[in-house]
Amino acid sequence: MRTSEETEGFDAEASNTSMISGASSPYQPTTEPVHARHIFGGIRCDVEYLKSYFGILKVVEVVLSFIGFICIETIMMCSPCGGVYFFEFVSCSAFVVTGVLLLIFSLNLHIKVPQVNWNLTDLVNTAASTFFFFLSSLVLACINHNTGAEIAAVIFGFLVTGVYGINTFLAVRKWRLGNGCHGAAQASEYMRARTASRGEMEARPELA
């Protein structure tokens, strides 16, 4: 029969063996659970974009469009109402679309959808908003009842038209620069492939 000292020694040896085998095992327990991943880890507020010209312009556009929409909504009675309804539709649409684009760019969501040409999308939105805001403000200026709300809506409408115009100019320049860089990259890739093909032909004259 084993004595108590032998039993204790055997248990200590077994414990050490278990610890060694556990340390050498490739399947080590981890403290990080499998499902503890941040699904929205890539979404963050891009402060640099908000400080840029495009970010500042978009914030101003959203604010002015919303103020114009509020001004036109305070009108209770109108006859005719075509200019009021037109300005209401344009200001609401511009506020929603520009607000969504501001949210997408400020949270870097456009990086997750590279299939969309976001520079062209922004250009189309700003150009369309410039045209329709100018047209609706002009119509409302010609057809109104000289109420304070209508005059305020016209003023904010022309102000936001100017802001959208500046944004359109910058968006056109950015879009042209982007297309120029893309075209230069394609030309460089074509020349690289052509040079490699020519080098292969020289190395293997039997292919000529």
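Just so it is clear, the model here is predicted, and its values are computed rather than measured.

What to know about the side chain of S137
- Among the structural elements, S137 can be located in helix α5 (residues 118-142).
- Take S137: its relative accessible area is 0%, and that puts it in the buried class.
- Only 2.7 Å separates the side chain of S137 from the backbone oxygen of F133, close enough to count as a polar contact.
- Once you skip the residues sitting within four places of it in the chain, S137 turns out to touch F87, V154, G157, F158 and T161.

Comments concerning helix α4 (residues 82-106)
- With 25 residues, α4 extends 36 Å from end C-alpha to end C-alpha; this agrees with the ideal 36 Å at 1.5 Å per step.
- Count one or two residues on from α4 and you reach N108, which has phi positive near 60°.

Topic: the nonpolar core
- Counting 28 residues, the largest nonpolar core has I72, F87, F133, L140 and A153 as its most contacted members.
- Only α3 (53-73), α4, α5 and α6 (148-203) provide two or more residues apiece to this core.
- Not counting residues up to four positions away in its chain, the partners in contact with A153 are G68, C71, I72, F87 and L140.

A word on the UniProt feature "transmembrane region" (unreviewed entry) in the chain
- Mapped onto the present numbering, the UniProt feature "transmembrane region" (unreviewed entry) falls on residues 53-72, 84-111, 123-144 and 151-170.
- Secondary structure content for residues 123-144 is 91% helix and 0% strand, while the C-alpha to C-alpha distance between its ends is 31 Å.

A short note on the confidence of the model for the chain
- For the chain, per-residue confidence averages 78 on the pLDDT scale, and 66% of positions sit at 70 or higher.
- Least confident of the elements in the chain is helix α1 (residues 4-24), whose mean pLDDT is 49; most confident is α3, at 95.
- Taken as a whole, residues 183-187 scores under 50 in pLDDT and shows zero contacts with residues more than four places along the chain or in a different chain.

Definitions and cut-offs
Residues numbered from 1 in each chain as written. Predicted model: local features only at pLDDT ≥ 70, side-chain atom pairs only at ≥ 80, totals over all residues. Heavy atoms only, no water. Helix = DSSP H or I, 4+ residues; strand = E, 2+ residues; numbered from the N terminus. Buried < 20%, exposed > 50% of the residue type's maximum accessible area, 1.4 Å probe, protein only. Polar contact = N/O pair within 3.5 Å; in protein donor to acceptor, adjacent residues only side chain to side chain. Contact = heavy atoms within 4.5 Å. Expected span 1.5 Å × (residues − 1). Core = buried A, V, L, I, M, F, W, Y, C linked by side-chain atoms within 4.5 Å. UniProt positions renumbered as here; feature names shortened; annotations may be inferred. pLDDT = per-residue confidence, 0-100.

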